[in-house]
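# What the coordinates show
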Amino acid sequence: MTKTATTPDGRTLAFCEWGDPSGTPVFSLHGTPGSRLGRHPDEDIYRRANVRLITYDRPGYGESSRHPGRIVADVAPDVVTIADALELTSFAVMGGSGGGPHSLACGALLPDRVTRCVCIVGVAPMGPGGLSREEWLEGMVEGNVHETGWALAGEETLRRELQDARQEILASLESDSTNPLGEDYALSSEDLAVLSHGGHREMMAKSTREAIGRSLDGWVDDDLVITKPWGFDPSQIRVPVTVAYGPDDTLVPASHGKWLSRIVPDARVDVLPGGHFAAYEVLPEMLAWLTE
């Protein structure tokens, strides 16, 4: 069931809850593109871990209002809005892929409320203080290289190009093609194996259609966000953090995770058994650490 909360500036944030209603609250921040429907298809995993999972549409996705010009750091007050609506004083946070930097933002900017934080196959910053553009793109699939170039060219170019990309990704996810993301987003054999069973592909298709079926705003803004300064310094995070990355990841190469694991103070490093979607296979262990 979808619920909504209203931010101080009048925007709507749509969110869902999964798992154990009386469990430890954990915010799960979706990837790019993604929506509040993104989670492990076996909800018993959350119940067995005594986790109350909270997912939400980042601004511009699904049923959440757009926040033009947002940066990564803007996630923190949005998460607080939802937490306050649910009367949560403290919570853990995890985020995957494009949600990874947003989870780190919560850890950096909400130290009095975030207990632990996991960044799963998250991208590193690009530019001064982070990876150079060349380092950032090295080893990345063609589709993500294109998206980054379009974002650097500006919103008009990015939006025009994503119009076609949206149809291709949705059609591929909802087909019986071997690669659910299409030929421009080639996945490792390990990732293809994960997505071929357990309802992961079906869940991803529903989540992605909810994310971008109505509007491209969320996807556009997420792609623009990664080309700009994050608005916080990951080297200043003081809450316990796990940085997880997959050695066989083609969407966000392992070099991003290795960089973050060096920069985030005292980061616990989790080298996943595979690629971008390997976290699904070890989610119980991640939830156990988040809720210790």
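The paragraphs below set out a description of the structure included in this document. Bear in mind that the values here come from a model prediction, so they are computed numbers and not experimental data.

### Let's talk about the overall build of the protein chain
Assigned secondary structure in the protein chain consists of 11 helices and 8 strands. The globule rule puts the C-alpha radius of gyration for 292 residues at 19 Å, and the 17 Å found for the protein chain is close to it. Taken along the three principal axes of its C-alpha coordinates, the protein chain extends 45 × 40 × 40 Å. The buried share among the 292 residues of the protein chain stands at 60%. Each charge class in the protein chain was averaged separately, 25 positive and 43 negative side chains, and the resulting centres sit 4 Å apart.

### Notes on helix H2 (residues 75-85)
Summarising burial for H2: 8 of the 11 residues are buried, a large majority. Listed in full, the buried residues belonging to H2 are Val 75, Ala 76, Asp 78, Val 79, Val 80, Thr 81, Ile 82 and Ala 83. For H2, the secondary structure elements touched by its buried residues are strand E1 (3-6), strand E2 (12-19), strand E3 (24-29), strand E4 (51-56), strand E5 (91-96) and helix H3 (100-109).

### Thoughts on the pairing of E5
Every regular strand shows the same layout, with side chains that alternate between the two sheet faces. Counting buried positions along E5 gives 5 out of 6 residues, so the element sits mostly inside the fold. Judged from the 4 bridges that link them, E3 and E5 form a sheet pairing that is parallel. If you follow Val 26 over to E5, its bridge partner there is Ala 92. Pairing of E5 with strand E6 (residues 114-120) involves 5 bridges; the strand directions are parallel. Among the inter-strand pairings, Gly 95 is bridged to a residue of E6, identified as Cys 119. Between the parallel elements E5 and E6, the chain passes through H3 in a crossover that is right-handed.

### Notes on the pairing of E4
The element E4 is largely enclosed, with a buried count of 6 among its 6 residues. The side-chain alternation of E4 yields two buried faces, one formed by Val 51, Leu 53 and Thr 55 and the other by Arg 52, Ile 54 and Tyr 56. With 5 bridges connecting them, E2 and E4 associate as antiparallel partners. The residue bridging Trp 18 from the neighbouring strand is Leu 53, located in E4. In this sheet, E4 lies alongside E3 in parallel orientation, the contact comprising 5 bridges. Within E4, the position partnered with Pro 25 by the bridge is Arg 52.

### Quick word on the side chain of Arg 201
Within the secondary structure, Arg 201 is located in helix H8 (residues 200-212). When neighbours within four sequence positions are excluded, Arg 201 is seen to be in contact with Ser 172, Leu 173, Ser 175, Asp 176, Ser 177, Thr 178, Pro 180 and Leu 195.

### So, the sheet that holds strand E7 (residues 241-245)
Taken in spatial order, the 8 strands line up as E1-E2-E4-E3-E5-E6-E7-E8 in an open sheet, and their pairing is mixed. Of all the strands in the sheet, just E1 and strand E8 (268-271) have a single pairing partner and so form its edges. With direction set aside, neighbouring strand axes in the sheet form an average angle of 25°. Bridge analysis of E1 against E2 gives 4 bridges, and the strand direction is antiparallel. Its bridge partner lying in E2, Lys 3 is registered against Phe 15.

### Brief notes about the packing of H2 against H3
Contact pair H2 / H3: the axes reach a minimum separation of 8 Å and the direction vectors enclose 80°. It follows that H2 is roughly perpendicular to H3 by the angle criterion. Contact with H2, carried on its side by Val 75, Ala 76 and Val 79, involves His 102, Ala 105, Cys 106 and Leu 109 of H3 and no other residues of that element. Residue classes in the contact of H2 with H3 are distributed as 6 nonpolar, 1 polar and no charged.

Conventions and cut-offs
- Every chain is numbered independently, its residues counted from 1 as its sequence is written.
- pLDDT decides what is reported in this predicted model: residues at 70 or higher carry local features, side-chain atom pairs at 80 or more are listed and counted, and totals for whole chains, interfaces and linings draw on all residues regardless.
- No hydrogens and no water enter the side-chain calculation; it runs on all heavy atoms of the structure.
- Only runs of H or I of at least four residues qualify as helices and only runs of E of at least two qualify as strands under DSSP, and these elements are numbered from the N terminus.
- In this setup the radius of gyration rests on C-alpha atoms only. A globule is expected at 2.2 Å times the number of residues raised to 0.38.
- Here the term buried applies to any residue with accessible area under 20% of the maximum for its type, exposed to any over 50%, and partly exposed to those in between, with areas from a 1.4 Å probe on protein chains only.
- When charges are tallied, Lys and Arg are placed among the positive residues and Asp and Glu among the negative ones, while His and the ends of the chain are skipped.
- For the purpose of locating charges, the reference atoms are NZ of Lys, CZ of Arg, CG of Asp and CD of Glu.
- Residue contacts are counted whenever heavy atoms from the two residues lie within 4.5 Å of one another.
- Whether two strands pair comes down to DSSP finding at least two bridges between them.
- Crossovers are marked right-handed if the path from the first strand over the helix to the second runs clockwise, as seen with the strands pointing away from the viewer.
- Whenever a helix is involved, its axis is fitted only over the stretch in contact; in every case the axis is a line through C-alpha atoms, and angles between N-to-C directions fall within 0 to 180 degrees.
- Should an angle fall under 35 degrees it is called roughly parallel, over 145 degrees roughly antiparallel, and 65 to 115 degrees roughly perpendicular, with every other angle called oblique.
- Ten residue types, Ala, Val, Leu, Ile, Met, Phe, Trp, Tyr, Cys and Pro, are classed as nonpolar, four, Asp, Glu, Lys and Arg, as charged, and the remainder, Gly among them, as polar.

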